[in-house]
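Observations on chain architecture
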Amino acid sequence: MGTLASMPFDTVRTRLVGQGEPKIYKGMVQAVTLMVKQEGIFSLYKGLTPSLLQIVPQTGVQFASFRLFTSFYWILLGKDKISKETKLPLVGNLICGSLAGLVAKVVVYPLDLTKKRLQVQGFEEARLHFGRVTKYSGLFHCLRRTVTEEGFRAIYKGLLPSMLKAMVTTGLTFMFYEEICYIFIQTGLFKQK
């Protein structure tokens, strides 16, 4: 539901960033107005399919990786047997969360790249000076053409900045989540199962 509700903001942001000079859109309101007028309301939802397809694997891989990395962290500290009450230090949660974010982003990145490529369709005139402008009919067409025309590595273009962002946001998310849960358990607000 959150992805569906926030998708227009993501699409408009991608278009604002992806336009060249002269600018087609001067701001968010104008971008939404022109997109709906020229391409229809569904233009705000371009790239929705890859966005929806990446939510479950990304979240699953994040949590599974976080648990795996916390186990490795304890082993590196020489603590093979830990109880449920054993608390990972803040830096441990930050490191394990960051690594979990990195792994999850690498797994779903081809879908993320496809989403962005689908979102920038519809205002090709604003992107002509960037080079070739390609039209895609959907998710699989975009992936197939990207690999066929640019090579397999192309589905990972722009991965490094995306990984760094995922590491920071996921690391901080897990660090604060685990710390807040620990505080709630210690104060008796929640019982640990």
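Residues numbered from 1 in each chain as written. Predicted model: local features only at pLDDT ≥ 70, side-chain atom pairs only at ≥ 80, totals over all residues. Heavy atoms only, no water.

Secondary-structure assignment places Val120 in the loop between helix H4 (90-119) and helix H5 (139-150). Taking the C-alpha atoms as reference points, Val120 and Gln38, separated by 82 residues in sequence, lie 14 Å from one another. (Helix = DSSP H or I, 4+ residues; strand = E, 2+ residues; numbered from the N terminus.)

Further remarks concern the packing of H4 against helix H6 (residues 159-187). Close contact between H4 and H6 brings their axes to 6 Å; oriented N to C, the two are set at 140°. With respect to their mutual orientation, H4 and H6 come out oblique. At the point where H4 passes H6, the crossing takes the right-handed sense. On H6, the residues that touch Leu90, Asn93, Leu94, Gly97, Ser98, Gly101, Leu102, Lys105, Val106, Tyr109 and Asp112 of H4 are Leu159, Ser162, Met163, Ala166, Met167, Thr170, Gly171, Leu172, Phe174, Met175, Glu178 and Glu179. Broken down by class, the residue content of the contact of H4 with H6 amounts to 12 nonpolar, seven polar and four charged. (Axes fitted to C-alpha atoms, helices over the stretch in contact; angles between N-to-C directions. Parallel < 35°, antiparallel > 145°, perpendicular 65-115°, else oblique. Left-handed = near helix turned anticlockwise from the far one by under 90°. Contact = heavy atoms within 4.5 Å. Nonpolar A, V, L, I, M, F, W, Y, C, P; charged D, E, K, R; others polar.)

All told, the structure shown has zero disulfides when counted by the stated rule. Its sulfur unpaired, Cys96 is 16 Å from the next cysteine sulfur, which belongs to Cys181. (Disulfide = S-S within 2.5 Å.)

Quick look at helix H3 (residues 48-76) now. With 29 residues, H3 extends 41 Å from end C-alpha to end C-alpha; this agrees with the ideal 42 Å at 1.5 Å per step. At Gln54, H3 shows its largest bend, some 30°, and a proline, Pro57, comes one to four positions later. Looking at H3, one finds that the buried residues are Leu48, Pro50, Ser51, Gln54, Gln58, Gln62, Ser65, Phe66, Phe69, Thr70, Tyr73 and Trp74. In this structure, the buried residues of H3 make contact with helix H1 (2-18), H4, H5 and H6. The first or second residue beyond H3 is Gly78, which carries a positive phi of 80°. (Expected span 1.5 Å × (residues − 1). Bend = angle between axes of the 7 residues up to and from the residue. Buried < 20%, exposed > 50% of the residue type's maximum accessible area, 1.4 Å probe, protein only.)

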